[in-house]
Amino acid sequence: MNRKLEAKVQREIRKRAFERSDRLQQERQNLQKTQHTLDALQEVTGLPRPQLESIADDVKLSLRVTNDDFFSIKNQILMTFGVSGFVIILGWLVFII
């Protein structure tokens, strides 16, 4: 039993290490692509680098805000129960009065 547990721990450690390595590599590639895009835009538009970086930050922030758990099932279920509960309570109050 102890050997099986140790083998499972070792597999999980390797799995997580590779996942982290892949994630970090992807983040580096994304950063490099952004830098190349900003370099090209600076050359084409003549805008200063700080302005282009500000635009990039604004875009990242706006996309992050609109994308954060907007379509998650949990949020949809909570909203459905919240609205349904409100309608039921409102209906009950109207019926009582």
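Residues numbered from 1 in each chain as written. Predicted model: local features only at pLDDT ≥ 70, side-chain atom pairs only at ≥ 80, totals over all residues. Heavy atoms only, no water.

Q: Help me get a handle on the pattern of salt bridges, residues and values and all.
A: Taken as a whole, this structure holds 3 salt bridges when the rule is applied. In this structure, R16 engages E12 in a salt bridge whose closest nitrogen and oxygen atoms are separated by 2.8 Å. In this pair, R16 and E12 are both assigned in helix α1 (residues 2-45), 4 residues apart and thus about one turn of the helix distant. We classify R16 as exposed; its relative accessible area is 55%. The shortest N-O distance in the salt bridge between R49 and E53 comes to 3.4 Å. Of the two residues, R49 and E53 both sit in helix α2 (residues 49-67), 4 residues apart, roughly one turn of that helix. Accessibility expressed as a relative area gives 17% for R49, which makes it buried. The class of E53 is partly exposed, set by a relative accessible area of 34%. (Salt bridge = Lys/Arg side-chain N within 4 Å of Asp/Glu carboxyl O. Helix = DSSP H or I, 4+ residues; strand = E, 2+ residues; numbered from the N terminus. Buried < 20%, exposed > 50% of the residue type's maximum accessible area, 1.4 Å probe, protein only.)

Q: Lay out helix α3 (residues 73-96) with the relevant residues and their values.
A: Under the 1.5 Å per step criterion, the end-to-end length of α3 is 34 Å for 24 residues, consistent within 8% with the ideal 34 Å. Summarising burial for α3: 0 of the 24 residues are buried, a small minority. (Expected span 1.5 Å × (residues − 1).)

Q: Describe the environment of P50, with residues and values.
A: Along the chain, P50 turns up in helix α2. Note on P50: relative accessible area 58%, which makes it exposed. Along the sequence, P50 and S21 sit 29 residues apart, while their C-alpha atoms lie 30 Å from each other.

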